[in-house]
Every structure is written in C-alpha cells, then in structure tokens.
Amino acid sequence: MSSSRPASRQELLEYCLRKNGAPVVEINIDEDQMEDRLDDALQFYQEYHFDATQRMYLKHKITSSTLTLVSGNANVFEDGETLVGQTSGATIDVITLNSTGNILHCKNYHTENAPGGSFIGGETLVGSRTGSSCILASSNFLTLGDIDLGYLQLDDSITGVIRLVPFTDTKAQNINMFDVRYQLRLNDLFDLYSTSVVYYTQVQQHLTLLNQMLVGEKPIRFNKHMNRLYIDMDWLNYVKPEQYILVECYKIIDPSLFTDVYNDQFLKRYLAALIKRQWGTNMKKFDKVELPGGVILNGGQIYLEADNEIKELEDEMQNKYQLPPAMMLG
C-alpha cells in the first residue's frame, strides 16, 4: 500500500496520481512524462521555496596547479623557482609543498609572452635557479588549480553566494604588535573584571567600520549556471595552497538524503497540478470525442483547470514562500 506521506520519487508520483483520480480514473500519461514533470516541480520548488535550501558555510581548500612529469624528479627544484618551457616558452613557478615523484605543484602559469603559447606535451622544462630539467608527460600533463584559474569551482547544488567570510590570521606567531587590535587588548583589557564590555564592543564596531571603509571585502561574482565563484583579488600574493576559504551560501537540500522534502505540502500540490495539465495536454486532441456508452472526452477542460491551479500556486509561491529580494542602497 502506498504511503500518504511520500518519502521517495516513486511514492510522490503515486500520491499525485491518486490525487488526480487514479486508480478509479485512468490517467493517460506516460512514465517518462511523469518523471519530467517531477523534475520541473523540483526545479521550481528549489529555486523559489525558502524550505528547499539552507544557508550554510562552505569551506574550500585552495589548490595549486600540477604538472605530471615522465622524466626528472619534482624534488630537485627550489620553492619559487621558475620553470621555462624550452619549446613553448611558457613559464610557471614551483611550489615544493606536496611536490613528490613525478607530480610537481606550481602556480603563476604564464603564456602571454611565450612564442609557442601553452606548454606542449613532451617538452623539456628547465629551472631558472638550479638549472635542473624535467620532461612533461605527452598528455594530461597540466591541471590548473584555483590560484591560476582565479575562481572556485562549486558544486551544482549551490544556488547563491552571499559573501566571502573575511580572511583573518589567528596564528600566534603571526601576531602584529603594532596592530591596533593587539594594542587594545594589551593596554585596555589587562583586567577583564574591571573593563567595560560596552566600551570594548563600541571599539570593535568602530574598527569594523573603518576596515569596511578603508579595506573593504573581496568582490565576488557568481552565477549558478557556471558553478564558478570568481573572487577579484590578487590570488598569487593573497592566498597560498592548502589554505581554506570560507563562503557563506545557499545550498539545495538533497531530497535523496532528506526524504521529507517529498512530503512538502506545496510540492505535492504543484506536482499534482503539473501532472493534471500534462494529462489534459495528452487528451486535448481527443476533445469532444464520444466513446461507446455516451462518455464524452473533455481534455481541454482538464487542461484549463490544471493551468489555473498552476498559476494560483505560482502566485502563492511568490507571496508566501519565496524569500524577499535583497535590498540594495546607494
């Protein structure tokens, strides 16, 4: 017996068929058409309903570019040494971190002034400091990392990016004695019992305001159809491989993991209306046809009823379930 609380794609489809009259009434719709309408319903639901996504923090480890060698050892080069392609003239800088065997980690890939353009498979690379050489693999020898690409490749479940969480250095060995925050804590917070929390809060807010005015946050650009988060900053000098970037974003709730999505009230009503309209579309060409026994097919009426239901549900989505657009000032 099918559940009245759908917990899978199939149970949701069966529920919507029953809502439209099955099995008492034969629903003239193909299984592929039902699957298509379910995909349409999920897409609409995930794009507009606030319960379909969650606000989260996504961490991403910065990756470097990698070269695959067939001759030479990655450990013979120095950190920061520039490799020059002897055939192409292209250059790239060595990163000794994690470089081992025939895998060489690099950054700062340049081809603009190279006579031969990009690296060529099988060509020899020579180091500018050590004079050591290596030979690239004939194919799939270069994989560009985040630093050279200038963007982060995000999962297709990310629907929107709110901001890039500001970079802060919290390591004790990197504390700057001349930083105003360090001086504040050193001189004004020597006794946490007697210091006013109000004063400390006001100072922190003021410092944050100054930082926003004088430094600002890193500009970002994101489009969900590209799944790329572009960060307009100096990638070579601002970040290093193995560091993490934290992004505040919206991510689609995966129905296969959280099956309660299939029992969402709006999704069930919307999918039932889509299936009903598809049924009416299929039957419209037999409109007004009289069957034996005096039964008259009326596919056009089914289509019009479903179309009106869909319009009402889409208006309801906009008025009740859709998050308001972000307000921009200035």
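Everything numeric here is computed off the predicted structure, so don't read it as measured data.

The rules behind the values
- By convention here, each chain's residues receive numbers from 1 onward along its written sequence.
- Owing to the predicted nature of the model, reporting of local features is limited to residues with pLDDT of at least 70; listing and counting of side-chain atom pairs is limited to 80 or more, with chain, interface and lining totals taken over all residues.
- As a convention, hydrogens and water are excluded, and side-chain values are obtained from all of the structure's heavy atoms.
- Strands here are runs of E lasting at least two residues and helices are runs of H or I lasting at least four, both read from the DSSP assignment and numbered beginning at the N terminus.
- Relative accessibility under 20% of the residue-type maximum defines a buried residue, over 50% an exposed one, and the middle range a partly exposed one, all with a 1.4 Å probe and only protein chains included.
- The contact criterion used is simple: two residues touch if any of their non-hydrogen atoms lie within 4.5 Å.
- Reported accessibility uses the Shrake-Rupley method at a 1.4 Å probe radius. Residues are deemed covered only where the shown protein chains occlude them.
- Pairs of N or O atoms within 3.5 Å make up the polar contacts considered here, provided that, within protein, one atom can donate a hydrogen while the other can accept it, and that residues adjacent in sequence are counted only when both atoms are side-chain atoms.

Q: I'm lost on the overall build of the protein in this one. Help?
A: For the protein, the count of helices and strands is 8 helices and 13 strands. Here the protein holds 330 residues, and 35% of them are scored as buried. Within the protein, contacts between residues at least 6 apart in sequence are counted, and of these 69% link residues at least 24 apart. For the protein, the accessible surface area stands at approximately 20300 Å², while carbon and sulfur atoms represent 51% of it.

Q: Explanation requested: unusual backbone geometry in the structure shown.
A: Only a minority of non-glycine residues have a phi that is not negative, and only a minority of peptide bonds are not trans. Proline 23 follows alanine 22 through a cis peptide bond whose omega is 0 degrees. One can find proline 23 in the loop between helix H1 (9-19) and helix H2 (31-48). The backbone of glutamate 242 shows a phi angle near 80 degrees, a positive value even though the residue is not glycine. For glutamate 242, the location among the structural elements is in the loop between helix H6 (235-238) and strand E13 (244-252). Note on glutamate 242: relative accessible area 36%, which makes it partly exposed.

Q: Is there a simple way to explain the environment of asparagine 20 in this structure?
A: Within the secondary structure, asparagine 20 is located in the loop between H1 and H2. In sequence terms asparagine 20 and alanine 273 are 253 residues apart; their C-alpha atoms lie 8.5 Å from each other. Leave out the neighbours within four places in its chain, and asparagine 20 touches Ile27, Ala272, Ile275, Lys276 and Trp279. Here alanine 272 takes part through its backbone oxygen, which lies 3.1 Å from a polar atom of the side chain of asparagine 20.

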